[in-house]
Amino acid sequence: MKYDVAIIGAGVTGSMVARELSKYRLSVCLLEKENDVACGASKANSGIIHGGFDPEPGTLKARLNTEGVELLFAAAKELNVPCIRNGSLVCAFGGEEEPMVQVLYDRGIQNGTPDMRILTGDEARELEPNLSEAVTKALYVPTAGIICPYELTVAAAGSAMDNGAALLRNFKVSSITPEEDGYAIAAEDGRTVTAGRIVNCAGGFSDKVANMVGDGGFSIIPRAGEYLLLDKTEGSRVKHTIFQIPTKAGKGILVTPTVDGNLLTGPTAAQVATPESRDTTPEGMELVQRLAAKSVPSVDFRQVITSFAGVRSSVSGGDFIIEKSRKAPGVVHAAAIDSPGLTCCVAIAGYVVQLLRETGLPLEKKQDWNGRREDPHAFRKMNDEEKDAFIKCHPDYGKIVCRCETVSEGEIRAAIRRNPGAADVDGVKRRTRSGMGRCQGGFCGPQVMKLISEELGIPMEQVTKNGGDSYMLTGKAGEAK
């Protein structure tokens, strides 16, 4: 099929671009190399809505961060994605670090970050009683927040699909060939689509995609960030997102609540070989614990329920690369979207559409576009009487599959059916939280697999953890091999 616009990469940037384009009378497709959306950095990051004080003034990051905060909160409300404006504290430990608090404050003023205040250590501890006694000064940013990054990506892609966009999974782009009125985009498995315009949102592989159209002007530097996620028993240890003074490597180790009630610590920032180098290391885990305890000494790391790593895509210049191709008409690159990329995603989408308009893409708005999504967690928010009435009409919602997170069979079936439908165990996990509790899927995993098998009409042996050959089973017990 010929599309008006093909977007390569269904992370939060690509999915939000697709949603923005779905407002117009265009045929749009998302091309994703994995079995689901949000399988790269969009599923493994801090989930922070940054206030805007950190980027260097005058950069694209600074502009889009300032624009992006309120745009993201508004989009999250439309999409029914959990987010909380909890505010953040950037903490200095002693006299040598204190001048940097003023630098960050001044930078925030230049960038247009509102309502910031510089606090003494004691004032900061009034807000956060568990903050270290070694904190001597802090920058308070009340407009900052937290959000679930993978739920945002799923919702953005789903909103685009609800409004006519297509999602092609397991479409690993191998070549892009110019045609008379656009481009032929080929996948490794032999599938091909054609499109008049291309948006390169390929994350860690965006430089490879740029090379395919003749743009070799940047190289992605992949940096791994390792995290420790703690049980909900630790979720109230802090209310705000606690940062340390940033370094050249990044914003440093943070301690933050999550929108789901857990506590998150991390990330490290180590350059790795490829964007798929997502291993956690003993050294990284030790560093996260040691520096997180520097900010909040009372964190109980015996309550860690999982660790993970995400890989950020940076470039040597440090800024986002969002620009029209210099070699390929109709191609726009949205590359090097590292922190605060999540915060900027709605603003980035608007900027990309503006650049596409400059290429001559006709943008006629739809009259029937609907940007709202029903709340996927509406059932768990009901009171007992409401749940009882709902279960009488929808019995599957009365069967609890995940005991840790209290997720019902009905919610899991809905997640598999609803755009973009979950196609593997991790996809169900990201949409419903089934498997995200203390047992990490030890009890609910087999039942989740059974439901995927039934809904997709495939044998249990074909159910995967995260696509590809990540099969959960090898066969039935007692079968001859």
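Details of the structure are given in the entry above.
Here we summarise the structure given alongside this text. These figures come from a predicted structure and were not determined experimentally.

Observations concerning the sheet that holds strand β3 (residues 48–49)
Right, on to step 1. Spatially, the three strands line up as an open sheet ordered β3-β8-β4, and their pairing is antiparallel. Because the sheet does not close on itself, it has two edges, and the strands there are β3 and β4 (83–84).
Right, on to step 2. In terms of strand pairing, β4 meets strand β8 (residues 145–147) through two bridges, oriented antiparallel. Paired with Ile 84 across the bridge in β8 is Ile 146.

Some points on the nonpolar core
Right, on to step 1. Ranked by size, the top nonpolar core spans 72 residues in total, and within it Ile 7, Leu 21, Leu 152, Ile 322 and Val 352 carry the most contacts.
Right, on to step 2. Looking at which element gives the most residues to this core, the answer is helix α8 (residues 341–358), with twelve residues.
Right, on to step 3. With sequence-adjacent residues up to four places away left out, Ile 322 is seen in contact with Leu 60, Leu 64, His 333, Ala 334, Ile 337, Ile 348, Tyr 351, Val 352 and Leu 355.
Right, on to step 4. Counting 22 residues, the second-largest nonpolar core is a separate cluster that includes Leu 89, Cys 91, Ala 124 and Leu 263.

Some points on the pattern of salt bridges
Right, on to step 1. Counting across every chain of the model gives 40 salt bridges.
Right, on to step 2. Residues Arg 326 and Glu 323 are paired through a salt bridge, measuring 3.5 Å at the closest nitrogen-oxygen approach.
Right, on to step 3. Residue classification places Arg 326 among the exposed residues on the basis of a relative accessible area of 67%.
Right, on to step 4. A residue is classified by how much of its surface remains accessible, and Glu 323, at 24% relative accessible area, is partly exposed.
Right, on to step 5. Between Glu 411 and Arg 380 there is a salt bridge, with the nearest N and O atoms lying 3.5 Å from each other. Placement of the pair is Glu 411 in helix α10 (residues 409–417) and Arg 380 in the loop between α8 and α9 (384–393), with a sequence separation of 31 residues.
Right, on to step 6. Among the residues examined, Arg 380 registers a relative accessible area of 26% and is labelled partly exposed.
Right, on to step 7. Salt bridges linked by common partners bring Asp 396, Lys 399, Glu 409, Arg 413, Arg 417, Lys 450, Glu 454 and Glu 455 together as one network.

A few points about unusual backbone geometry
Right, on to step 1. In this structure, Pro 340 follows Ser 339 across a cis peptide bond, with omega equal to 10°.
Right, on to step 2. Position of Pro 340 relative to the elements: it lies in the loop between β20 (331–335) and α8.
Right, on to step 3. Residue Asn 419 is joined to Pro 420 through a cis peptide bond whose omega torsion reads -15°.
Right, on to step 4. Mapped onto the elements of the fold, Pro 420 is located in the loop between α10 and α11 (425–432).
Right, on to step 5. You will see that Ala 336, though not glycine, has its phi angle at about 55°, which is positive.
Right, on to step 6. As for its placement among the helices and strands, Ala 336 is situated in the loop between β20 and α8.
Right, on to step 7. The class of Ala 336 is buried, set by a relative accessible area of 1%.

Details of the state of the cysteines
Right, on to step 1. Per the counting criterion, the structure on display carries zero disulfides.
Right, on to step 2. Just so you know, Cys 83 is unpaired, no disulfide at all, and the nearest cysteine sulfur is the one on Cys 148, 11 Å from it.
Right, on to step 3. Assessed through its relative accessible area of 27%, Cys 83 is described here as partly exposed.
Right, on to step 4. With no disulfide of its own, Cys 201 has Cys 345 as its nearest cysteine by sulfur position, at a separation of 11 Å.
Right, on to step 5. Looking at Cys 201, the relative accessible area reads 8%, which means it is buried.

Basis of the calculations
- Sequence order as written defines residue numbering, which begins from 1 separately in each chain.
- Thresholds applied to this predicted model are a pLDDT of at least 70 for local features of residues and 80 or more for the giving and counting of side-chain atom pairs; totals over whole chains, interfaces and linings are not thresholded and use all residues.
- Processing note: side-chain calculations cover all non-hydrogen atoms of the structure and skip hydrogens and water entirely.
- We treat two strands as partners when DSSP finds at least two bridges between them.
- Numbering of helices and strands starts at the N terminus; helices are DSSP runs of H or I of at least 4 residues and strands are runs of E of at least 2.
- Only buried residues count toward a nonpolar core, which is a set of Ala, Val, Leu, Ile, Met, Phe, Trp, Tyr and Cys residues joined through side-chain atoms within 4.5 Å.
- Burial here depends on accessible area, computed with a 1.4 Å probe over protein chains only, as a share of the maximum for the residue type. Under 20% is buried, over 50% is exposed, and the range in between is partly exposed.
- Note on contacts: a residue pair is in contact if any heavy atoms of the two residues lie within 4.5 Å.
- Any carboxyl oxygen of Asp or Glu that lies within 4 Å of a side-chain nitrogen of Lys or Arg is treated as forming a salt bridge with it.
- Note on terminology: disulfide denotes any pair of cysteine sulfur atoms within 2.5 Å.

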